Amino acid sequence: MAAISRRPRLPLYAALAASLVLAACSLVKPVQAPEDKQERALHLVRDGKHAEAAQAYEELASLQPAEHDNYELLSAEQWLAAGNVAAAKQAFGAVSAEARTRLPAARALVAAEIAYAENDGARAIRELDQIAVPTSADLAQNYWWIRGRSAFLTGHPVEGTRALVERERWLTDPASLHANRAELFDRVRSAAERGQPMKAPPKTDPIVVGWLELGPVAVGLARDPMRAAAALANWKRLYPQHPANDSVLAMASTQIAAATEFPDQIALLLPLSGRAEPVGVAVRDGFIAAYLEQAASTRPRLKIYDVAAESVGTAYTRAISEGAGFVVGPLTKEDVAAVVPLSTGGTPVLALNFLGDSISAPRNFYQFALLPEDEARIVARRAAADGRLHGVAIVPGGEWGNRVAAAFADELALHGGSVLDSQRYEASQADFSDVIKQVLQVHVVKGEPSTHRTDAAFVFVAAASAGVARQILPQLKFHYAGDVPVYSMSDSFEPDPVANSDLDGMLFPDMPWMVANDPVTVQIRDAVHAAWPARTARRDRLYAFGFDAYRLVPALRSKSPAAASEISGVTGKLHLDDHNRIRRDLDWSQIRNGVPNAL
């Protein structure tokens, strides 16, 4: 939590996935196949060449008819390990009906794995319910692993925790035990972040209860380490013998210390007067809110400079001469570019905007921004991940709309998709009928139901405000496009359950500050709202931006590779790219009955 890692990263539980693959060797016991072919398949599994191993098992299936089902099941598992769900389903489809009685456990486990890979946790659990709990260690640990993950996937953290705790009975080596506990820690934290029910019924195993109560503590460790120490100490007092103490929490104190290790003095450069004053003040207030979360005895000195009252160059030079050990800001693109020639790399800088692509950043010069085109790319990736590769876009005219439309189309193309048509609108208009009819090719014949194009798997609506989105979506439904999923961006959402009933069904990414209901985020949000009650909904994201800017200071100062991890901020999960830019992963929600529901 003290620093942020660069992407790409290895999958979080690669070690567990590897152990599952090796266990597949004993999942089913084929009669002896030709030694060279069987040994080759095993070597491919051990070398992590899962697609080749899957093909090798398919070949064995064709060569050994008597053990055809065994090898097809092993092939399906290897395709899953390779990330090719379609091929896994094809291999599984070749398994005969007799396997339900001849190989019930092996068949059910593979079927459940496929269901989980397709994000259908309920189906995975139904498959597991068809068999008794296996008695062999390999099958049992796999059974409880899939059952636990599927329970978490369906929003049942109590059942998921029970299953993963039960799995430990079948794990013998320390590495697998540690990986299982690391997964449990991550999943109870995620469940707490999503506001899922964490209350265990009476007489529940204390180990299970301890994991569940660790969920909110884990959120605090990730999102608000300034206040996490007290909550962690209280949990440890309640559960001194809990297995999490010696595994996933062993480094917690070190992480808290690193996440709160600030320089002696920070300079904050913002426009606090003039045209950009409202934006600068909101960012400043969010920054100060994070600053006040820290114990007074450990806070750094904070000096704030108004770069609208003096030139940004003068303010920056003065900040350095007055002892700043870290500079946060400035905010506008012009001011950020003006600081670049003055930065020698000796004092780290976190600029609150991105430089143009043609400007090279000096050493120790980091950039953090809430860019709409970054969100558009996030939306494109989600649509592609949902299997919706081709669709249409409705975007505003002007520079903002051009940037968003280009970013969305480019990212979608990278994932094999395309924007079939894109129509522009003026933000001032109230009737979007013509735009909708054109982009969806709505065909109206008197006396017959209206029809629209059938090749569009989604509609991407880029709205610069929630008010515009609340006008466009009802008109989409009116024009008989209610069956086409609508993806949008965070600007389309402002908290208002009554007004947002018009947005029902809309899928959108947003920062936790706006959509999360976990206790830690709610506490931070409420504290800021209480301190600055006059803030407006339109400025809320800027408060969060300022809050996370303060959180980033110790992370960017940290030189310890062992402490490196992404930051779970209130603006999203933050990580550093290869150009010293902070990138964000956002939370996905869908509006139902006027309120966002986590996906």
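Residues numbered from 1 in each chain as written. Predicted model: local features only at pLDDT ≥ 70, side-chain atom pairs only at ≥ 80, totals over all residues. Heavy atoms only, no water.

**Comments concerning the packing of aromatic side chains**
Working step 1: Applying the stated criterion across every chain yields a total of 13 aromatic pairs.
Working step 2: The interplanar angle of 10° and the centroid separation of 4.0 Å between the aromatic rings of Phe-408 and Phe-460 together place this pair among those described as stacked. Placement of Phe-408 in helix H19 (residues 399-414) and of Phe-460 in strand E8 (residues 459-461) is noted, with a sequence separation of 52 residues between them.
Working step 3: Aromatic side chains Tyr-425 and Phe-432 sit 5.3 Å apart centroid to centroid with 80° between the ring planes, which places their arrangement in the edge-to-face category.
Working step 4: The buried category is assigned to Tyr-425, whose relative accessible area is 2%.
Working step 5: Among the aromatic side chains, those forming a connected cluster through ring pairs are Phe-408, Phe-458, Phe-460, Tyr-487 and Trp-588. (Phe/Tyr/Trp six-rings, centres within 6.5 Å; stacked < 30°, edge-to-face > 60°. Helix = DSSP H or I, 4+ residues; strand = E, 2+ residues; numbered from the N terminus. Buried < 20%, exposed > 50% of the residue type's maximum accessible area, 1.4 Å probe, protein only.)

**A closer look at the sheet that holds strand E3 (residues 326-328)**
Working step 1: One open sheet holds the 5 strands; their spatial order is E2-E1-E3-E4-E5, and the pairing between them is parallel. Bordering the open sheet on either side are strand E2 (301-306) and strand E5 (365-367), each of which pairs with just one other strand. Taken pair by pair, the neighbouring strands of this sheet meet at an average axis angle of 20°, ignoring direction.
Working step 2: Of the pairings in the sheet, the one linking E3 to strand E4 (residues 349-351) comprises 2 bridges and is parallel in character. Along E4, the bridge assignment pairs Val-328 with Leu-350.
Working step 3: Running over the sheet, helix H24 (residues 540-557) touches strand E1 (265-270), E3, E4 and E5 and is turned about 145° from E3. (Pairing = 2+ DSSP bridges. Axes fitted to C-alpha atoms, helices over the stretch in contact; angles between N-to-C directions. Contact = heavy atoms within 4.5 Å.)

**Comments concerning the pairing of E2**
Working step 1: The sheet contact formed by E1 and E2 spans 6 bridges and is parallel. Across the sheet, Ile-266 pairs through a bridge with Leu-302, a residue of E2.
Working step 2: Crossover handedness for the path E1 to helix H15 (residues 277-293) to E2: right-handed. (Right-handed = clockwise from strand over helix to strand, strands pointing away.)

**What about helix H3 (residues 50-63)?**
Working step 1: Along its 14 residues, H3 runs 20 Å from first to last C-alpha, staying within 8% of the 20 Å computed at 1.5 Å per residue.
Working step 2: Within H3 the residues assigned to the buried category are His-50, Ala-53, Ala-54, Ala-56, Tyr-57, Leu-60 and Ala-61. Down the axis of H3, the buried set is contained in an arc of 160°. They therefore lie on one face. (Expected span 1.5 Å × (residues − 1). Arc of directions from axis to C-beta.)

**Some points on the nonpolar core**
Working step 1: Among the nonpolar cores identified, the biggest contains 97 residues, and Leu-249, Leu-350 and Leu-352 are the most heavily contacted of them.
Working step 2: For this core, the leading source of residues is H24, giving 11 residues.
Working step 3: Sequence-distant contacts of Leu-350, defined by excluding residues within four places in its chain, comprise Phe-326, Val-327, Val-328, Gly-329, Tyr-366, Gln-367, Phe-368, Ala-549, Leu-552, Leu-556 and Ile-582.
Working step 4: Grouped together as the second largest cluster of nonpolar side chains are 20 residues, Val-395, Ala-405, Tyr-487 and Met-489 included. (Core = buried A, V, L, I, M, F, W, Y, C linked by side-chain atoms within 4.5 Å.)

**Let's talk about the sheet that holds strand E11 (residues 567-569)**
Working step 1: The 3 strands lie next to each other as E11-E12-E13, forming an open sheet whose pairing is antiparallel. The sheet is open, and its two borders are formed by E11 and strand E13 (582-585), each paired with just one other strand. Strand-to-strand, the axes of this sheet are offset by a mean angle of 35°, without reference to chain direction.
Working step 2: As defined by bridge partners, strand E12 (residues 572-576) adjoins E13 across 4 bridges and the pair is classed as antiparallel. By the bridge assignment, Leu-576 is partnered in E13 with Ile-582.
Working step 3: Helix-sheet contacts for H24 involve E11, E12 and E13, and the interaxial angle to E11 is about 170°.

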